[in-house]
Structures are given as C-alpha cells and as structure tokens.
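Here are the chains, one letter per residue:
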Amino acid sequence: MTTLLEMRGISKLFPGVRALDQVNLSVEAGEIHAICGENGAGKSTLMKVLSGVYPHGSYEGDIVYDGGTLAMKSITDSESKGIIIIHQELALVPLLSIAENLFLGNEVAKGGVINWPLAFQKTRDLLQKVGLNEAPTTIVGKLGVGKQQLIEIAKALAKDVRLLILDEPTAALQENDSQKLLDLMLELKAQGVTQIIISHKLNEIGRVADRITIIRDGTTVSTLNRADISEDRIIRDMVGRDMAHRYPDRTPNPGEVLLEVKNWNVFHPDQKDRQMIRDAAFTVRKGEIVGIAGLMGAGRTELAMSLFGRSYGRGVSGEITMGGKPVDTSTVTKAVAAGLAYVTEDRKALGLILEEPISRNISLANLAGIAMRGVLNQRREAQVAEDYRRAMNIRTPNVQQKVVNLSGGNQQKVVLSKWLFTDPQVLILDEPTRGIDVGAKFEIYNIMNQLAADGRGIVMISSEMPELLGMCDRIYVMNEGRIVGELSRAEASQERIMAMIMNSTGKAA
Amino acid sequence: MSEKNYLGSHLREYGMIMALVAIVFFFTVVVRATIDVDFLSAQNITNLFLQNSYVIIMALGMLLVIVAGHIDLSIGSVVGFTGAVAAVLTVNQGWPVYAVIPACLVVGGLIGAAQGYWVAYWKIPSFIVTLAGMLVFRGSTLWLLNGQNIGPFPRSFQSLSTGFIPDIFGDADQALFGMDRLNGTALLIVVVAACIVVFLGLRKRAQDAAFGLTPEPALVFWIRNAIVCGALIFVGYKLAIFRGLPNVVMVLAVLTVVYAFFTEQITSGRRIYALGGNEKAAKLSGIKTERLVFFCFVNMGVLAALAGMIVAARLNSSTPKAGAGFELDVIAAVFIGGASMTGGSGKIIGVVVGALIMGVMNNGMSILGIGIDYQQVIKGLVLLAAVIFDVYNKNK
C-alpha cells in the first residue's frame, strides 16, 4: 500500500494555548483511518489544518499528499485536491432541494445558466451511490438527520473525493442510521475512497477502521493496527496523562441532602419523540461538589437547563425536592426562588448582556435586591457590584465597565456574581472554566471550594475529566441522555469514567 | 481626565446637543438674512412645539419598542384611526371630552395589544405584524370616516392641542415688570424646571463620585447646564410673552420625565434594555421577556392614540390621511437620538433631542420656502449621517 497523506510535525498555536504539538499522522491509500481522543485533544484542529480552514503558514509542519507538499490557502484549495471534510454540524441549506444542495457552489452550469436535466441526472446517480431513495427535488430540511448525513457524503462524491474526512458522523444518528452510514463507508472504501473518521464510539471504530491514531493534549500518542485495537488500550492511551493542572486543597464536609432529582425525562424541543434525557436521578448534599462527566452530546447541559425553569426541551417530567420538600422549578423565576442557579456554558450568548456594564449584569437576576417597590437604587447596585468585584477579584478599573471588554475569566466571575446575588442553595456550573486561562481557572476553583464551605451544593458539569477528578466529591457519568454510573472520589478515575461511557454506548433500551 | 478626553469619550451625547444648538443657530442667522424674519420669535417657538409634539410623544414609546429589539410601522395609521374614533365619538355621537380621551387611549392600547400579542407570544417578526397593522388601520380609518373629513371639534377638545396653561398670576406681574403681556405661570414653571435640572445634575455628579466613576469635569458640567437652562428659560420667556405654555408642551414635559424615570430607575424599564441586549440571557435570568415585549407594544399604541387626538385637535378635523408617514419621522427621530438598531441601548433624552432636530429642520426649511422635495432629501441625509456617525464612533 502507498501512503496517501502524511502530516509531519504539525504544531498550531492559539494565543496562549498550544493546540497541536508535533502531531504526526500517516494515512494509507484506500484505508479507513480512525482518530480518537478526548474533547479538546486537538482532533478537530488537526482536521481544520488538513482541510485548509487554517491556511498554510498559520501552523508549523508539512502536509505531504499524493507525493507532493501541500500549501493550502483555503478550503477551496483542499477540495480541489479531493480532500473533503464533513463537519459534525451539517452544512446543508435546509430550504433548498437535494440537487441544489449537492451542487451548491459547484453548479452544473454553462455560462452561469444551470443545466437542470443534467443536474438531476447526476443527482440521481449520486443518490444511488449513497443508497438514498429520494427525488432530487426533495427539500433537504424535510429529511431526517441520517439522510442528511448521506447527502453530505453524496455532496463530497460530487466533488470527486479522494480523501473523505468525517467528524463524528454518527453523533446525532439513531442506531440503524449509524449502521447504514458505516456500511456506506465500507462500500466507499471498496471503491477506493480513503477515509478518516473521528469518533468516540469504539464499537464503530472496531467495525470499520483499519488503523487508529490516538491524540492526547495535542500530540500523537500512538497509531495502532487493526489487530492491536482493544478497548483498554484505546482508553489508556486517550486519558493516560498526569494531572496537568493543580487543584486547591479542600476537606469535603458534606451535610444533609439539599437537592434531589428523580425520574427526570426530557424530550427534544423540535423533534417531539426524541428523548434527550431518560430517567435521570441524582442528589446533591450541602457543602458537596458533584460532577457530571460525559462526552459532548451526552445530555448534561440539556439536563441542567431543563431543571432550571425548563429552559430546554419539552415534555419535561420528574420530581425535584430541595431539602426534602418538593419544589416547582417550571419557570426560571420559580427555580431561582427555590434556590437554584444555573451558570451557563455559553456565557457570551446566554449569560451576559455584553454591551452593558458589570454592575447591571450582576443585578440582572435579582433586581428586586436593589429596588424598593420597583424603583432601582443605583447607589446600592454599584455597591453590590463593588462588593463582588472585591470578593471575586474581578480585574477592572470600575464596575461601570462594559463586560464585553473583560477577559473570559473575569466575565465568568461576573456571571458567578450575578447568580450568587440571588443567594442560591444549589449552583449548577456548566463548563465553568471553558475558554479561560490557567490562572483564572484556579481562582474559579477556589471560589467553588469557598461556596461549598459556605454550605451550598455545587453541580459541576465539565468535559475536562482531570478537572472533575480534581474538584468533585462524587461524579455522575452521563451518556446518551442517561446517568450511567456514579463514582465516589476514591473510585473515580479517567479510565473508569471512559469505560462507563464506552460500555453504555448504543445499549440504550 | 481632561475636558477634551472626556468630551471625546462622550461624543455622542454632547454631539447631539451641539448639533441641535448649531442647527437652531444656523436657521436663526439664515432666516434673518434671507427673509428678515425672527426664527426664534415667540410665535415660531410655539409653532415648533405644536407641530412636533406628536413626533416626540410617539418617539418616547418607539424608543422602548426599538430598545426591545422591535419596530412599529403601524403608528401613523393608528394616529389616523384613533383621530377618526375621536371624531366619530365627539362630533357624531356627542360624547363629552372627558369620556372621549380615555376611550381613545383604550382603543390605542387594544390596538397595541393586538399587535404585540403576535410579536411577543408567537414570535412573528414585528416588521410584518406592524406592516399589516399599518394597512389594516389605514383602511379602517377610511371606513370609519367614510372617506370624508369629520369636524369641527368642540373647543374643549381642541384645547388638547391649541390650549395654553392659564396665567394664575393674572395681570399683577405684568404691571410689576412693566410689560404688556407676560404669562407668569409659564415663566415660573421653566425657572423651577431649570433649577430641578441643575439639582439633579449635581446629585448625579455626587453619586458618580461615590461610585468611583470619572465624573463629568466641572467645566463641562457647568457649560452644559448653562446651555440647557439658558435654552429652557429663553424658550419659556418667549412662550410667556406670547400666549404662555401650550398644554401640549406640558404633556410632553411630563411624559418625558416619566419615561426617562421609567427607563433609568424602574425595574421593568431596566429589563427592557436587558431583553434587547441579549434576550436569551435575560430569559435565563428570570425575566419574562414576552410580557415586556407585549407591554412595549401596548404602550406604543396608547401613545399613538394620544398623538392621534392631538393631531386631530390641531387640524380641528379628522381626515382619512391623518398620520400618514408619521412612523418614518418617529423612527428617524429615535435613531438620530442614538438608539441602537439591534436593540438594547438608547436614551429618552437623546430621542427628544433627535425629534427636536428633525422638528427644527422641518420648521426652518418650511419658513425658508424650501420645497418638500429638497426637505425630504435633506432629512434623509441627516438620518443617514447620524447613524453613520454612530457606527463610526463604535468602530473607532
């Protein structure tokens, strides 16, 4: 076999972060090559380098493809070489037909005039290749996600693909759609299309991959041949690192049960019969930090947001008790009154009013706290903000600064301040350290420990497992909308968490 | 911070006031030079307010709608419709004024509610809903008036627009100052108002200092207050020696103060800004965004009804064409006043000044005999320039 692609010593720097560090990847012509790694390991960055999203010159290292060195400036360059990437979020225009989508930007046209009969003919051929029995005029938005995924592949085929990259192609698919997709991958392989698949699902990798490269913390850990692929080995390579960060010391002192959730079920907001959360149940004690681990799409955020004023999903059902008494959290106002607070993972889109000052952001969830009979006391508002600025060490000249001007870590402190001003008993922190630098992370950890020491209960959702292991007294593991396990601090390890996730994948009732 | 730096970082707010002063000055000079008429005569100042009151009143409501991230295109038609309702009730049905006014305000509120319901709870774009409303209520006006003008109104109704605050001092002060005509009430009111402006300004400065904010430099503060109070007293004096304070000006002043207070000091007002700035974040902070959007439209409807009655009272009849195109003047005033196109920011005082800029230009150009064709072009360019200035300032 000949080598089709070789990426040598690829390094990519983002401000303050080394996302890729001397990554090597070698793909043989005609194979299916899997890439595995934790969230944030650098898989997607590597594929963006390969597909020209990050142009030549913005990274170090060489890409040797088909015998020559590539220096791509854009996606157009990589596509002209037959390298086509299908992203996790599909890039189809839902209101256009299949034929229009397939040839978008690549129209079957002469002098700008589209030759529809020919376009339809080509569409039929391509649809047949991917095994999709739909008319070329069908509107894409009316198809399910599985079929849309097949159309993405047909679109790649329309461009004479030689190297097809699939980024978590089955993440949003049901079981039988996934199987169809994997079958198609094997069929394309038989036709000579080289493929790279990024996936967390070991059973799928075992089924289709010829070789597997494991990436961790931006470097290549190992490349395994099919014969050597085993679950234990993959998990070990994926997570086997030292504790990269340090966590402040703390003596846990859990008290009585504060929050208890039982039989929690949630359905997708648009697709009525798609269940996102299934029979979830968990407890949080006073002074306890409880982690929720899981891969992206496991339903952690959906669980948290549905608990907090049903801000996500429909058909929400289940029981919540606070301190043993049932509480109503059906609106955000009621949830706050019950003593819950939710610090979102997307602080810019969901947590902050960026163009408003710090003081107004902090008071937003509890305006009653700075008002008398509906009339705001701005002196008090500024005082409250000033108190939090000191307590949280928000770095800003004054609290009238617009939050858009703050760094990620300081913005996160503003969001935390906002919720602390509502005096919650239980805080749900969704990816509280995402996108903030190491120093600010440590400060956030300290704040969390302080809150726990004050007797509040904390739920910490995080995709960074070392963080969960370093901070939490107990960890729940979520996968595919269910809580699939619970580990005490002593029991928890990255291997055990990964194993719980892998073992439960695709085994839903 | 030096005065210059401070002005630079607050260019928008001072720029507005300076622009208004410059425009007034420009017209005073040009009108004097070309046709030898006093632009700042008592009569013209009175006219200026009578002509523009409806724009300012509706701009107050439109600011809330725009801050919430929406738009209301129907207000011109609502002005026509509520004016027609007032005419039918007063002239045809013989209702007394004290019943007609609340009835019209309720009609306006219901119209706002009917539109706000679809925008707030069904998430139908406000552009579409109010475009539909624009057509529906223009048509309804035609139907209600049967295509005819209805009038005239009784005196009591006309006084809504053309009435003046009576002089409680009678002739005593005139004798005192040795003048033929002087409305003491008017003068007293503006002097008191000027004192309140300075008092509130000083209090705000003290408050800013307490918050650790860079306060406005003393020099800038006193110059600005001198200009504002000087203008207030000058206008008040001019009005006082003519016929006194028009009722409309009093309504306008009270509404401006109420809305400024609402937007800056009241919980619900604050929440409208939050919702316009980031609706999802506001919602996740427990703010009932739908209810607030609904309120903004109801409020807009009520103010449009008030404007409708003032317009009808001023024309002394209701016409099927009344209010046509008003929405554009009002929306332009709000944007000239510095509101953000995407919602979330804008101040009441800015909107009032923006509306005055438009009004002074309308009035000045008409006096100069500039044709309606040029007037429209100039107004359009001023709107564009103001918004470009905003965007430029933001990107700088």
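All figures in this text were calculated on a predicted structure; none of them were measured in a lab. (Residues numbered from 1 in each chain as written. Chains lettered and ligands numbered in written order. Predicted model: local features only at pLDDT ≥ 70, side-chain atom pairs only at ≥ 80, totals over all residues.)

Peer 1: Go over the overall build of chain A with me, naming the residues and quoting the values.
Peer 2: Summing up its helical and strand segments, chain A has 17 helices and 24 strands in all. The C-alpha radius of gyration computed for chain A amounts to 25 Å, which stays within 12% of the reference 23 Å derived for 509 residues, consistent with globular compactness. In terms of overall dimensions, chain A has C-alpha extents of about 70 × 50 × 50 Å along its principal axes. By the burial criterion, 46% of the 509 residues in chain A qualify as buried. Taking the contacts inside chain A whose residues are at least 6 apart along the sequence as the reference set, 68% of them involve residues at least 24 apart. (Helix = DSSP H or I, 4+ residues; strand = E, 2+ residues; numbered from the N terminus. Rg over C-alpha atoms; globule rule 2.2 N^0.38 Å. Buried ≥ 20, exposed ≤ 12 C-beta atoms within 10 Å, placed from the backbone. Contact = placed C-beta atoms within 7 Å.)

Peer 1: With reference to specific residues and values, describe the sheet that holds strand β6 (residues 83-86) of chain A.
Peer 2: Residues and elements named next belong to chain A. Strand order in the open sheet made by the 6 strands is β6-β9-β10-β3-β11-β12, with mixed pairing throughout. The open sheet is flanked by β6 and β12 (219-225), the only strands paired with a single partner. Sheet twist, expressed as the mean angle between neighbouring strand axes with direction ignored, is 20 degrees. Sheet topology places strand β3 (residues 32-36) next to strand β11 (residues 211-216); 4 bridges connect them, and they run parallel. (Pairing = 2+ DSSP bridges. Axes fitted to C-alpha atoms, helices over the stretch in contact; angles between N-to-C directions.)

Peer 1: Quick rundown of the nonpolar core? Include the residues and the values.
Peer 2: Counting residues in hydrophobic clusters, the biggest one holds 247 residues, and the most contacted among them are B:Met58, B:Ala59, B:Leu63 and B:Val334. In terms of residue count, the dominant contributor to this core is helix α14 (residues 289-315) of chain B (19 residues). In this structure, this core is formed jointly by two domains, domain 1 (3-239) and domain 2 (257-339 + 424-504) of chain A, each of which donates at least three residues. Not counting residues within four places of it along the chain, the set of residues in contact with B:Leu63 comprises B:Val334, B:Ala339, B:Gly346, B:Ile348 and B:Val351. (Core = buried A, V, L, I, M, F, W, Y, C linked by C-beta atoms within 7 Å. Domains from an automatic or database assignment.)

Peer 1: Outline the sheet that holds strand β22 (residues 457-461) of chain A, listing residues and values.
Peer 2: Residues and elements named next belong to chain A. Here we have 6 strands laid out as an open sheet, ordered β18-β21-β22-β15-β23-β24, and mixed in their pairing. The sheet is open, and its two edges are formed by β18 (340-343) and β24 (482-488), each paired on a single side. Ignoring strand direction, the axes of neighbouring strands in this sheet form an average angle of 20 degrees. Pairing geometry for strand β21 (residues 426-430) and β22, over 5 bridges, is parallel. Note on β22: the bridge partner recorded for Val 426 is Gly 457. Sheet strands in contact with helix α17 (residues 494-504) are β15 (289-293), β23 (474-479) and β24, and its direction is about 25 degrees off that of β23.

Peer 1: Describe helix α16 (residues 348-367) of chain B, with residues and values.
Peer 2: Residues and elements named next belong to chain B. Between its first and last C-alpha atoms α16 spans 28 Å; for 20 residues at 1.5 Å apiece the expected length is 28 Å, and the two agree. Turning to α16, its buried residues number three or more, namely Ile 348, Gly 350, Val 351, Val 352, Val 353, Gly 354, Ala 355, Leu 356, Ile 357, Met 358, Gly 359 and Gly 364. Buried residues along α16 sit in contact with α2 (11-35), α3 (42-67), α11 (247-265), α15 (326-336) and α17 (372-395). (Expected span 1.5 Å × (residues − 1).)

Peer 1: Please provide a residue-by-residue account of the packing of α16(B) against α17(B), values included.
Peer 2: All names here are of chain B. Where α16 meets α17, the axes come as close as 11 Å, and the angle between the chain directions of the two elements is 155 degrees. One element, α16, and the other, α17, form an angle in the roughly antiparallel class. Crossing of α16 against α17: the hand is right-handed. Counted together, Met 358, Met 361 and Met 365 of α16 and Gln 375, Ile 378, Lys 379 and Val 382 of α17 form the full contact between these two elements. (Parallel < 35°, antiparallel > 145°, perpendicular 65-115°, else oblique. Left-handed = near helix turned anticlockwise from the far one by under 90°.)

Peer 1: Quick rundown of the interface of chain A and chain B? Include the residues and the values.
Peer 2: Every contact between the two is made by 24 residues of chain A and, on the other side, 20 residues of chain B. Counting only elements with at least two residues in the side of chain A that touches chain B, the list comes to α10 (332-337), α11 (347-351), β20 (375-376) and α13 (378-392) of chain A. Per-class residue counts for the side of chain A that touches chain B are 14 nonpolar, 7 polar and 3 charged. (Nonpolar A, V, L, I, M, F, W, Y, C, P; charged D, E, K, R; others polar.)

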